[in-house]
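Examining the three-dimensional arrangement
Chain by chain, the residues:
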Amino acid sequence: QVQLVESGGGLVQAGGSLRLSCAASGSISSINAMGWYRQAPGKQRELVASITGGSSTNYADSVKGRFTISRGNAKNTVYLKMNSLEPEDTAVYYCNAVITTVIPLRTTDYWGQGTQVTVSS
């Protein structure tokens, strides 16, 4: 059993900052890539940022220069620092991780429950 638990969402004014956190726990052998996705009302879920086990990062064009993804020292956590937030960033943000479990031995995509980020103008 693997769980991804997110925290850090909330309401912020345009131009403000938030930091999202996501911690993975359970029967984990290794964690490969981790990332953040978001889904706004009426829109498809989209990739915001991702980071590999080797710390290579990838960002959506809309957040480049404003958002920073990083992993904790224990490598089972991922953070998303969001600066210069815009109303267009309003969405439910989901943590994603590609995890190899111990029992059964397999690699699967896991998702967090989502955390709401609302940016007011």
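Keep in mind the model is a prediction, meaning the values are calculated, not measured. Position labels on residues start from 1 in each chain and follow its written sequence. Local features in a predicted model are, by the rule used here, given only for residues with pLDDT of at least 70; side-chain atom pairs are given and counted only at 80 or more, and totals for whole chains, interfaces and linings are based on all residues. Computation of side-chain values: all heavy atoms of the structure, hydrogens and water removed.

With respect to the overall build of the chain
Going along the chain from the N terminus, every DSSP run of H or I of four or more residues is numbered as a helix, and every run of E of two or more is numbered as a strand. Broken down by element type, the chain carries zero helices and 11 strands. Atoms counted for the radius of gyration: C-alpha only. Globule rule: 2.2 Å times residue count to the power 0.38. The C-alpha radius of gyration of the chain comes to 14 Å, within 12% of the 14 Å expected for a compact globule of 121 residues. Principal-axis analysis of the C-alpha atoms gives the chain an extent of 45 × 25 × 20 Å. A contact between two residues is defined here by any heavy atoms of the two lying within 4.5 Å. If you take every contact in the chain between residues at least 6 apart in sequence, the share linking residues at least 24 apart comes to 56%.

Topic: the nonpolar core
Core analysis: the biggest nonpolar cluster contains 31 residues, and W36, L80, M82 and Y93 have the highest contact counts within it. If you list the elements that add at least two residues to this core, you get β1 (2-7), β3 (18-26), β4 (28-39), β5 (46-51), β7 (67-71), β8 (77-82), β9 (91-101) and β11 (115-120). With five residues, the top contributor of residues to this core is β9. Residues in contact with L80, not counting those within four places in the same chain, are L18, R19, L20, W36, V48, A49, F67, T68, I69 and Y93. Residues grouped as a nonpolar core are buried Ala, Val, Leu, Ile, Met, Phe, Trp, Tyr and Cys residues, joined through side-chain atoms within 4.5 Å. The buried label goes to any residue with under 20% of its type's maximum accessible area, the exposed label to any with over 50%, and the partly exposed label to all in between, with areas taken from a 1.4 Å probe on protein chains only.

As for the side chain of E6
Its place among the elements puts E6 in strand β1. For the buried residue E6, which engages in no salt bridge, the nearest side chain bearing the opposite charge is R45, 7.8 Å off. Looking at E6, its side chain comes within polar contact range of the main-chain nitrogen of G114, at 2.5 Å. Apart from the residues lying within four places of it in its own chain, the contact partners of E6 are S21, C22, W36, Y93, Y94, C95, G112, Q113, G114 and T115. The charge count treats Lys and Arg as positive and Asp and Glu as negative. His and the chain ends do not count. The term salt bridge refers to a side-chain nitrogen of Lys or Arg lying within 4 Å of a carboxyl oxygen of Asp or Glu. Residues adjacent in sequence count toward polar contacts only when both atoms are side-chain atoms; beyond that, a polar contact is any pair of N or O atoms within 3.5 Å, and within protein one must be able to donate a hydrogen and the other to accept it.

Overview of the environment of S21
Looking at where S21 falls in the secondary structure, it is placed in strand β3. Judged by relative accessible area, which is 18%, S21 ranks as buried. Spatially, the C-alpha atoms of S21 and V5 are 8.1 Å apart, while their sequence positions differ by 16 residues. Other than its neighbours up to four places away in sequence, S21 contacts V5, E6, S7, W36, V78 and Y79.

A few points about the state of the cysteines
Any two cysteine sulfur atoms within 2.5 Å of one another count as a disulfide. Evaluated as defined, the whole model comprises one disulfide. The disulfide partner of C22 is C95, and the S-S distance across this bridge is 2.1 Å. Because the torsion about its S-S bond is -80 degrees, the bridge between C22 and C95 counts as left-handed. Here C22 is found in strand β3, whereas its partner C95 is found in strand β9, with 73 residues between them in sequence. C95 matches C22 in its accessibility class, with the two residues each being buried.

Observations regarding the sheet that holds β1
Read across the sheet, four strands follow the order β1-β3-β8-β7 without closing on themselves; strand pairing throughout is antiparallel. Looking at strand neighbours, the two that pair on one side only are β1 and β7, the edges of this open sheet. Ignoring which end each strand starts from, the neighbouring axes of this sheet average 15 degrees apart. By the bridge criterion, six bridges tie β3 to β8 in an arrangement that is antiparallel. Bridging across to β8, S21 finds its partner in Y79. Note on pairing: DSSP must find at least two bridges between two strands before they are called paired. Between N-to-C directions, angles cover 0 to 180 degrees, with each direction set by a line fitted to C-alpha atoms, over the stretch in contact for helices.

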